[in-house]
Amino acid sequence: AVVSTQSTGSYNTYIEQLNDKRRKKVDLLNQQHLSNMRVREGVFASQISEQGLQKEGEMVQLRREHEDNLVKRAKEEEARIRLVREEERQHLEQLQQEKEKEIEKLVN
């Protein structure tokens, strides 16, 4: 089967035209789909009620209170740690003084 270059060229042109039509159709469908999705998102967004917004506000408030409580607890823990360290320092100081007194007694 001998195929002339002219018929091969016109076949390739025909295939390119079919591919172009298919691409244009796919692009159009994609644009329609995106448009439909935007409309749905818009409708959904407009359906958010005041109660929903109020709940969101309550959640923000609860989150803030929780964060405040975490900060408060961290500060209390830091203060407790400082107190314990100070008590340990005083205890070690007292032990050191007692040790020095014992040494003085032994020397004298």
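A few points on the structure. (Residues numbered from 1 in each chain as written. Predicted model: local features only at pLDDT ≥ 70, side-chain atom pairs only at ≥ 80, totals over all residues. Heavy atoms only, no water.)

1. Quick notes on the pattern of salt bridges
Taken as a whole and judged by the stated rule, the model has 5 salt bridges. Two residues, Glu77 and Arg80, come together in a salt bridge whose shortest N-O distance is 2.6 Å. Highlighted residues: Glu77 and Arg80, both in helix H2 (residues 50–107), separated by 3 residues, approximately one helical turn. Between Arg89 and Glu86 there is a salt bridge, with the nearest N and O atoms lying 2.5 Å from each other. Of the two residues, Arg89 and Glu86 both sit in helix H2, 3 residues apart, roughly one turn of that helix. On the basis of relative accessible area, Arg89 is assigned to the partly exposed category, the value being 40%. (Salt bridge = Lys/Arg side-chain N within 4 Å of Asp/Glu carboxyl O. Helix = DSSP H or I, 4+ residues; strand = E, 2+ residues; numbered from the N terminus. Buried < 20%, exposed > 50% of the residue type's maximum accessible area, 1.4 Å probe, protein only.)

2. As for a nonpolar patch on the surface
Taken together, the side chains of Tyr11, Tyr14, Ile15 and Leu18 make up a nonpolar region of the molecular surface, amounting to roughly 390 Å² of accessible area. Structurally, Tyr14 can be placed in helix H1 (residues 5–46). Since its relative accessible area comes to 45%, Tyr14 is described here as partly exposed. (Patch = residues over 30% accessible without salt bridge, like charges linked within 9 Å, V, L, I, M, F, W, Y side chains within 5 Å. Areas by Shrake-Rupley, 256 points an atom, 1.4 Å probe, with all protein chains shown as cover.)

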